[in-house]
Amino acid sequence: MELDETDRAILRILQADARTPFSEVARRIDMSSATVHDRVGRMEEAGVIEGYHASVDPKAVGYGVSAFVGLRVEQGREEDALDGLRDVDEVREIHLTTGEWDVLLRVVAVDTGSLRELMFDRIAEMDGFSRSQTMIILETDYEEDGPPV
């Protein structure tokens, strides 16, 4: 789907606050609510808009520690390794990467003790991994969800 500047304006507004009513989006870009509704529907059908999500602060729901984890995967064991990771609630992101690590995870844990348990008793025991490195996130200075439009 080819996006024009109006589509991009709608996306910027919805990225900032997905709960913005179509009437407010329409007012901001000087367009009718029905037209905004149609354009959003087309972008949803085309897969440009993948969904709408609540952004939840991990600390507010009991997860005081976040970390990145680099994993080295044994040759030929990629699918086994990834299948196991997908079932771990504390694993919030899984990225296949180039460079030193084959897989980069973002995980959350209640505290450093539960992070240790996650890494040593659960992830390290999974088949398919030969090495890992855990990097605790001390503070997030900047984070933006989604690509720039």
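Small disclaimer: the values here were computed from a predicted structure and weren't measured.

How each quantity is defined
Residues numbered from 1 in each chain as written. Predicted model: local features only at pLDDT ≥ 70, side-chain atom pairs only at ≥ 80, totals over all residues. Heavy atoms only, no water. Salt bridge = Lys/Arg side-chain N within 4 Å of Asp/Glu carboxyl O. Helix = DSSP H or I, 4+ residues; strand = E, 2+ residues; numbered from the N terminus. Contact = heavy atoms within 4.5 Å. 1 Å grid on protein atoms, 1.4 Å probe; cavity = no way out; pocket = protein on both sides within 12 Å on 5 of 7 lines; lining within 4 Å. Points joined across faces, edges and corners; volume = space filled by probe spheres on them. Nonpolar A, V, L, I, M, F, W, Y, C, P; charged D, E, K, R; others polar. Pairing = 2+ DSSP bridges. Axes fitted to C-alpha atoms, helices over the stretch in contact; angles between N-to-C directions. Parallel < 35°, antiparallel > 145°, perpendicular 65-115°, else oblique. Buried < 20%, exposed > 50% of the residue type's maximum accessible area, 1.4 Å probe, protein only. Arc of directions from axis to C-beta. Phe/Tyr/Trp six-rings, centres within 6.5 Å; stacked < 30°, edge-to-face > 60°. Lys NZ or Arg CZ within 6 Å of the ring centre and 35° of its normal. Expected span 1.5 Å × (residues − 1). Polar contact = N/O pair within 3.5 Å; in protein donor to acceptor, adjacent residues only side chain to side chain.

### Comments concerning the pattern of salt bridges
For the structure shown, the criterion picks out 15 salt bridges. A salt bridge links Arg27 to Glu24, with the nearest nitrogen and oxygen atoms 2.6 Å apart. You can see Arg27 and its partner Glu24 sitting in helix H2 (residues 22-29), 3 residues apart, about one turn around the helix. When salt bridges with common partners are traced through the structure, they connect Glu74, Arg77, Asp80 and Asp127 into a single cluster.

### Quick look at the side chain of Arg106
On the secondary structure map, Arg106 appears in strand E3 (residues 103-109). Discounting chain neighbours no more than four positions away, the residues touching Arg106 are Ala67, Phe68, Glu90, Val91, Arg92 and Glu93.

### Quick look at the layout of surface pockets
Approximately 1,800 Å³ is the volume attributed to the largest pocket. In terms of lining residues, the largest pocket is bounded by 42 residues, among which His53, Ser55, Glu143, Asp145 and Gly146 are the most central. Here the lining of the largest pocket gets 4 residues from one element, more than from any other, and that element is helix H1 (residues 5-16). Each residue belonging to the lining of the largest pocket can be placed in one class, and the counts come to 20 nonpolar, 9 polar and 13 charged.

### Thoughts on the sheet that holds strand E2 (residues 91-96)
An order of E2-E3-E1-E4 is seen for the 4 strands of this open sheet, with the pairing classed as antiparallel. The open sheet has two edge strands, E2 and strand E4 (129-136), and neither has a second partner. Each strand axis lies, on average, 20 degrees off the axis of its neighbour in the sheet, ignoring direction. The strands touched by helix H4 (residues 78-86) within the sheet are strand E1 (65-73), E2, E3 and E4, with E2 carrying the most contacts at an inclination of about 160 degrees.

### Focus: the packing of H1 against helix H3 (residues 33-45)
Taken N-terminus to C-terminus, the directions of H1 and H3 make an angle of 85 degrees; their axes are 11 Å apart at the nearest point. Between H1 and H3, the interaxial angle falls into the category roughly perpendicular. Contacts between H1 and H3 involve Thr6, Asp7, Ile10, Leu11 and Leu14 from the first element and Val36, Arg39, Val40 and Met43 from the second. Broken down by class, the residue content of the contact of H1 with H3 amounts to 6 nonpolar, 1 polar and 2 charged.

### Observations regarding H4
Among the residues making up H4, those that are buried are Ala81, Leu82 and Leu85. Within H4, the buried residues cover an arc of 95 degrees as seen down the axis, which keeps them to one side. Structurally, H4 contributes buried residues whose contacts are with E1, E2, E3, helix H5 (112-123) and E4.

### Remarks on the packing of aromatic side chains
A full pass over the atoms with the stated rule returns 0 aromatic pairs. Sitting above the plane of the Trp101 ring, Arg72 keeps its charged end 5.8 Å from the centroid.

### A closer look at H1
Working note: α-helix, 3.6 residues per turn, so residues spaced by three or four point in the same direction. Its 12 residues give H1 an end-to-end C-alpha distance of 17 Å, which sits within 8% of 16 Å, the value for a rise of 1.5 Å per residue. Every buried residue belonging to H1 is among Asp7, Ala9, Ile10, Leu11, Ile13 and Leu14, and all of these are buried. As for H1, its buried residues are in contact with H2 and H3. Structurally, the start of H1 carries an N-cap: the backbone nitrogen of Thr6 is 3.1 Å from a side-chain oxygen of Asp4.

### What about the environment of Gln133?
Assignment of secondary structure puts Gln133 in strand E4. Taking the C-alpha atoms as reference points, Gln133 and Val40, 93 residues apart in sequence, are found 41 Å from one another. With sequence-adjacent residues up to four places away left out, Gln133 is seen in contact with Phe68, Val69, Gly70 and Trp101.

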